[in-house]
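# Observations on chain architecture
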Amino acid sequence: DTAVSQTPKYLVTQMGNDKSIKCEQNLGHDTMYWYKQDSKKFLKIMFSYNNKELIINETVPNRFSPKSPDKAHLNLHINSLELGDSAVYFCASSLSNSPLHFGNGTRLTVT
Amino acid sequence: QQPVQSPQAVILREGEDAVINCSSSKALYSVHWYRQKHGEAPVFLMILLKGGEQKGHDKISASFNEKKQQSSLYLTASQLSYSGTYFCGTFREGSSNTGKLIFGQGTTLQVKP
């Protein structure tokens, strides 16, 4: 029944590790996003895909790599994690420029 | 490129009114408003398309002035449940802007009994 689901909900890992966050939507949307929300609550867009095609790749380190195997999935892989990567990562989806539906977020803590 | 919201924070008593503004330096196609409660995901409130329209949602309404490139969110007779952080998100004009929803820095609203 969940519209946009992302896993895991919490992720605690050490510096230098590689981790992935998965996102799936069952709304039939054609656009999916990754946003990073830091401790100051700023929602910064990282990537967006429209029909599996990369639309936005903001100033994000190369250690972050999104992958969209199909329109319903957008995963985020992060290599060589750093302390500054600690944040809440939100996946979202929409039908073109219509309202975004957000997942519940993944709280990443790098120690 | 990021829209600018004001004020940064508001503290109200129940029943009071508030206005949150969102301004952009670029021509806008549409403005979205979202509310995020503590520890939760942002939730969509309303969307305004260019044309200067206003929209209402219970006691929350919004306007969009495309000439001034700004939108305002009006919260009347605030309730405790209105507490949270409000974000405006903007899509710039141009068909190539699909997937480019950029958020303002957020306005934290706290409603006290």
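Below is a short write-up of the structure. (Residues numbered from 1 in each chain as written. Chains lettered and ligands numbered in written order. Predicted model: local features only at pLDDT ≥ 70, side-chain atom pairs only at ≥ 80, totals over all residues. Heavy atoms only, no water.)

This brings us to the pattern of salt bridges. All names here are of chain A. In the structure shown here, the tally under the stated rule is two salt bridges over all chains. One salt bridge in this structure joins Arg63 and Glu82, with 3.5 Å as the shortest N-O distance. Taken together, the residues Arg63 in the loop between β6 (53-57) and β7 (64-70) and Glu82 in the loop between β8 (73-78) and β9 (87-94) connect sequence positions 19 residues apart. For Arg63, a relative accessible area of 15% corresponds to the buried category. For Glu82, a relative accessible area of 41% puts it in the partly exposed group. Arg63 is the salt-bridge partner of Asp85, the closest N and O atoms lying 2.8 Å from each other. Of the two residues, Asp85 sits in the loop between β8 and β9 while Arg63 sits in the loop between β6 and β7, which places them 22 residues apart along the sequence. Judged by its relative accessible area of 4%, Asp85 falls in the buried class. One salt-bridge network, in which partners are shared between bridges, spans Arg63, Glu82 and Asp85. (Salt bridge = Lys/Arg side-chain N within 4 Å of Asp/Glu carboxyl O. Helix = DSSP H or I, 4+ residues; strand = E, 2+ residues; numbered from the N terminus. Buried < 20%, exposed > 50% of the residue type's maximum accessible area, 1.4 Å probe, protein only.)

Judged from the five bridges that link them, β7(A) and β8(A) form a sheet pairing that is antiparallel. Opposite Phe64(A), over in β8(A), you have Ile78(A) as the bridge partner. (Pairing = 2+ DSSP bridges.)

Attention now goes to the layout of surface pockets. Estimates place the volume of the largest pocket at around 490 Å³. For the largest pocket, the lining is made up of 23 residues, of which Gln37(A), Val88(A), Arg107(A), Gln36(B) and Gly39(B) are closest to its centre. Listing elements by their share of the lining of the largest pocket, those giving two or more residues are β9 and β11 (106-110) of chain A. At four residues, the largest contribution of residues to the lining of the largest pocket is made by β11(A). Reported here for the second largest pocket is a volume of approximately 200 Å³. Listing elements by their share of the lining of the second largest pocket, those giving two or more residues are β10 (101-102) of chain A together with β5 (43-49) of chain B. Of the residues that constitute the lining of the second largest pocket, the class distribution is seven nonpolar, three polar and two charged. (1 Å grid on protein atoms, 1.4 Å probe; cavity = no way out; pocket = protein on both sides within 12 Å on 5 of 7 lines; lining within 4 Å. Points joined across faces, edges and corners; volume = space filled by probe spheres on them. Nonpolar A, V, L, I, M, F, W, Y, C, P; charged D, E, K, R; others polar.)

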